[in-house]
Amino acid sequence: MERWLVKVRASAPAKVILCGEHAVVFYEPAIAMAINRKASVTVEERRDQTIYIRSRNLGVSGRYERREFKPGAGGLAAKPKLDPIRMAVIKTLELTKEKVGLNLSVNSDIPVAVGLGSSAAVAVATIAATGKLLGIKLRKEKICSLAYEVEKLVHRHPSGVDNYISTYGGITIFRRSEKLVPLKVHANIPLVIGNTGISRSTGELVGHVRKLKENHPDVINPVLSAIGQLSVSAAQALQEGNLRRLGELMDVNHGLLSALGVSNDALDRLVYAAREAGALGAKLTGAGGGGCIIALAMPDTIRRVEKAIRRAGGTVMIAKKIDRGVEAW
Ligand code: PMV
């Protein structure tokens, strides 16, 4: 009997790291929060075995006929952008014996390669949509672990924090290899994101910190464990709704990330502009080397902080916490 050809959609949120990036790679805790930007993926079945992928926001497309890549929009340069999405599809297809072809359409309002977890959100949404289309009951745990496999392809040695937050949503104190519980945070966390517009490779920056740690373990290990301690204190501040304390810890975290060599002039300019405009705290978020900063700003200073970041050369987004993670329908 012929099967109905169906169409399924899924979406997954972006994230910011409030504190603890880089140290989290070395098993220290970090705090991450899902935000109100998302990647959406639509999947439909085809009658052949081709996997066709189109990324509407990146303006690229291509088809995979068995292992061969046939470029569409964007030419051969599209391949490295589409390969991780194909990998997310393949990992999901491996869970069944079915041999199906698929059309995937990806759309996202998450800026790419600036530390907001775009690749993880696309992987998570792709896996959830493909799984649902195939009728596989995928628990969040499974979606998260498959997305981690894809993240390893993109970022080499990621901690897994991006795919975790994108799957589950909310705010979590994340530690590698530990069972995690979401933090109960009632306070609104008013964040201004400042984007330097400079893209960079998370894998390379993580590699830089690893090398620094190997060359100077006596110096760098205490910096990493201070960042971990800072995340524990920040979790407490968040739960108490003490945003002033959280802001102070964010400032310290930025200093320690600078010590690891992952900040730069563009990031520092945005951080200092935000602080001078009255932010409670400001720091780079994600891997650094470009990408974004986050500034914690109360309602009465938020406009001033936004303006100061723009004047210092950044583009601005207001981030709100999102409790929902991945959803498929
Ligand atoms: O890819 P980004 O910029 O969101 O950075 C992720 C945070 C790091 O701690 C630097 C790497 C990781 O895998 O946790």
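Throughout this description, residue numbers start from 1 for each chain and increase along the sequence as written. Selection of residues for local features in this predicted model requires a pLDDT of at least 70, selection of side-chain atom pairs for listing and counting requires 80 or more, and totals for whole chains, interfaces and linings are taken over all residues. The side-chain quantities take in all heavy atoms of the structure and omit both hydrogens and water.

## Re the site of the ligand
The condition that has to hold: It suffices for a single heavy atom of a residue to lie within 4 Å of a molecule or strand for the residue to be listed as near it. Under the rule applied, a polar contact is a pair of N or O atoms within 3.5 Å (in protein, one hydrogen donor and one hydrogen acceptor; residues adjacent in sequence only if both atoms are side-chain atoms). Residue-level accessible areas treat just the shown protein chains as cover; the underlying method is Shrake-Rupley with a 1.4 Å probe.
Surrounding the ligand, one finds 16 residues, the nearest of these being Lys15, Ser159, Arg200, Thr202 and Ala287. One nitrogen or oxygen atom from the side chain of threonine 202 is found 2.7 Å from an oxygen atom belonging to the ligand. Between alanine 287 and the ligand, the recorded distance is 2.9 Å, taken from a backbone N or O atom to an oxygen atom. When the ligand sits alone it has 380 Å² of accessible area, and the protein chains cover 96% of it.

## Brief notes about the state of the cysteines
To be explicit about the condition: Two cysteine sulfurs form a disulfide in these notes if their separation is within 2.5 Å. A 1.4 Å probe rolled over the protein chains alone gives each residue an accessible area, and that area as a share of the maximum for its type sets the label: buried under 20%, exposed over 50%, partly exposed in between.
According to the stated counting rule, one finds zero disulfides in the structure shown. Of all cysteine sulfurs in the structure, the one in cysteine 19 sits closest to cysteine 144, which takes part in no disulfide; the separation is 19 Å. Since its relative accessible area comes to 10%, cysteine 144 is described here as buried. Between cysteine 292, a free cysteine, and cysteine 19, which holds the nearest cysteine sulfur, the sulfur-to-sulfur gap is 17 Å. Its relative accessible area of 1% is what places cysteine 292 among the buried residues.

## Let's talk about the pattern of salt bridges
Note the threshold: Salt bridges are defined by distance alone: a side-chain nitrogen of Lys or Arg within 4 Å of a carboxyl oxygen of Asp or Glu. Runs of H or I in DSSP of at least four residues are treated as helices and runs of E of at least two as strands, each being numbered from the N terminus.
In total, this model carries 13 salt bridges according to the counting rule given. Measuring nitrogen to oxygen at the nearest pair gives 2.7 Å for the salt bridge that ties arginine 46 to aspartate 48. Measuring nitrogen to oxygen at the nearest pair gives 3.4 Å for the salt bridge that ties glutamate 306 to arginine 310. Of this pair, glutamate 306 and arginine 310 both sit in helix α9 (residues 302–311), four residues apart, which is roughly one turn of the helix. Owing to a relative accessible area of 7%, glutamate 306 belongs among the buried residues under this scheme. Looking at arginine 310, the relative accessible area reads 47%, which means it is partly exposed.

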